[in-house]
Amino acid sequence: MATVETTRARVLPTIWVIPDELWERIGPLLEDRHPRAVTGRPRADLRRVLDGIIYRMRSGVQRNQLPAVFGADLTVHGWFQRFAADGVLLEIWAALAGECQELGGVCWEWQSADGVMGNSRFDGRQARPESH
């Protein structure tokens, strides 16, 4: 039986808001894709929007229950949809994963997926006759 060599990784704290050093890497990616317009309505603060997206993903809070510190919930949701549609989230993930790879922090040999592989309750049959 082969053993997988594991390296001792430094445990990092859970991110609820983007730290300054991380924003220095992510900010330019967002600014390149979504520059500020010279005229018209001011663009939302993308750092605050991304903090709201992270908070929502980590906490599981409903969109309309997002704390006001992150701005309007519809604004955060709209930017999330835009980031997902135009590939910005994948670009951010690729940049961060690439940096982690350079530091030796990514183990590409081991992957996991979460799922349920069992029968449904009562094996898919009803527990009692239907009421009419």
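Below: a short report on this structure. Counting restarts for each chain: residues are numbered from 1 in the order of the written sequence. A pLDDT threshold of at least 70 governs which residues receive local features in this predicted model, and a stricter bar of 80 or more applies before side-chain atom pairs are shown or counted, although totals over entire chains, interfaces and linings include all residues. Hydrogens and waters are ignored; side-chain quantities use all the structure's heavy atoms.

**With respect to the overall build of the protein chain**
Here is step 1: Counting its secondary structure elements, the protein chain contains four helices and zero strands.
Here is step 2: In DSSP terms, a helix is any run of H or I states spanning at least four residues, a strand is any run of E spanning at least two, and both are numbered starting from the N terminus. Beginning at the N terminus, the succession of helices and strands in the protein chain can be written as α-α-α-α.
Here is step 3: Summary of the burial criterion: residues with accessible area below 20% of their type's maximum are buried, those above 50% are exposed, and those between are partly exposed, where the area comes from a 1.4 Å probe applied to protein chains only. Within the protein chain, the proportion of its 132 residues that are buried is 20%.
Here is step 4: All accessible-area figures derive from a Shrake-Rupley calculation using a 1.4 Å probe, and residue coverage is judged against the displayed protein chains alone. Approximately 11100 Å² of the protein chain is accessible, and the part contributed by carbon and sulfur atoms is 53%.

**A closer look at the environment of Tyr55**
Here is step 1: For Tyr55, the location among the structural elements is in helix 2 (residues 46–59).
Here is step 2: Measuring from C-alpha to C-alpha, the distance between Tyr55 and Val17 comes to 7.3 Å, with 38 residues separating the pair along the chain.

**With respect to empty space enclosed by the protein**
Here is step 1: Detection works on a 1 Å grid of protein atoms alone, calling trapped sets that fit a 1.4 Å probe cavities and calling open sets with protein on both sides within 12 Å along at least five of seven lines pockets, with lining residues defined by an atom within 4 Å of a point. Grid points are joined across faces, edges and corners, and a volume is the space filled by probe spheres set on the points. Under the defined criterion, the tally for this structure stands at one cavity of 30 Å³ or more.
Here is step 2: The volume enclosed by the largest cavity comes to roughly 50 Å³.
Here is step 3: The wall of the largest cavity is formed by Ile53, Arg56, Met57, Arg63, Val76, His77 and Phe80.
Here is step 4: Taken together, the elements giving at least two residues each to the lining of the largest cavity come down to helix 2 and helix 3 (73–86).
Here is step 5: Classifying every residue of the lining of the largest cavity gives four nonpolar, one polar and two charged. Lys, Arg, Asp and Glu make up the charged group, whereas Ala, Val, Leu, Ile, Met, Phe, Trp, Tyr, Cys and Pro make up the nonpolar group; the residues left over, Gly among them, are polar.

**A short note on the packing of aromatic side chains**
Here is step 1: To pair, rings of Phe, Tyr and Trp, with the six-membered ring standing in for Trp, must have centres within 6.5 Å; the planes then decide the type, stacked if under 30 degrees apart, edge-to-face if over 60, and tilted in the middle. Enumeration according to the criterion identifies three aromatic pairs in this entry.
Here is step 2: Where Trp79 meets Phe83, the ring centres are 5.5 Å apart and the plane angle is 50 degrees; that geometry is what we call tilted. With Trp79 and Phe83 both in helix 3 and four residues apart, this pair spans about one turn of that helix. No difference in accessibility class separates Trp79 from Phe83, as the two residues are buried.
Here is step 3: Three or more aromatic residues joined by ring pairs form one cluster here, namely Trp16, Tyr55 and Phe70.
Here is step 4: We note Arg82 situated over the ring of Trp79; from NZ or CZ to the ring centre the distance is 4.2 Å. We count a charge as sitting over a ring when the NZ of a lysine or the CZ of an arginine lies within 6 Å of the ring centre and within 35 degrees of the ring normal.

**Some words on the side chain of His34**
Here is step 1: For His34, the position within the fold is in the loop between helix 1 (20–33) and helix 2.
Here is step 2: Accessibility expressed as a relative area gives 10% for His34, which makes it buried.
Here is step 3: Distance and chemistry together define a polar contact, namely a pair of N or O atoms within 3.5 Å, with one atom able to donate a hydrogen and the other to accept it when in protein, and with adjacent residues in sequence counting only for side-chain atoms on both sides. At a separation of 2.9 Å, a polar atom in the side chain of His34 contacts the side chain of Asp86.
Here is step 4: Residues are treated as being in contact if the distance between any of their heavy atoms lies within 4.5 Å. Beyond its immediate chain neighbours, meaning those up to four positions away, His34 contacts Arg43, Leu46, Trp79, Arg82, Phe83, Asp86 and Val88.

**Here we look at the pattern of salt bridges**
Here is step 1: One side-chain nitrogen of Lys or Arg within 4 Å of one carboxyl oxygen of Asp or Glu is enough to make a salt bridge. Across all of its chains, the model carries four salt bridges by this definition.
Here is step 2: Here Asp86 and Arg33 are joined by a salt bridge, their closest N and O atoms 3.7 Å apart. In this pair, Asp86 is assigned in helix 3 and Arg33 in helix 1, connecting sequence segments 53 residues apart.
Here is step 3: Given a relative accessible area of 36%, Arg33 falls into the partly exposed group.
Here is step 4: Of the charged contacts in the structure, one is a salt bridge between Arg33 and Glu91, with a shortest N-O distance of 2.8 Å. Here Arg33 is found in helix 1, whereas its partner Glu91 is found in helix 4 (residues 88–102), with 58 residues between them in sequence.
Here is step 5: Assessed through its relative accessible area of 29%, Glu91 is described here as partly exposed.
Here is step 6: Salt bridges sharing partners connect three or more residues here, namely Arg33, Asp86 and Glu91.

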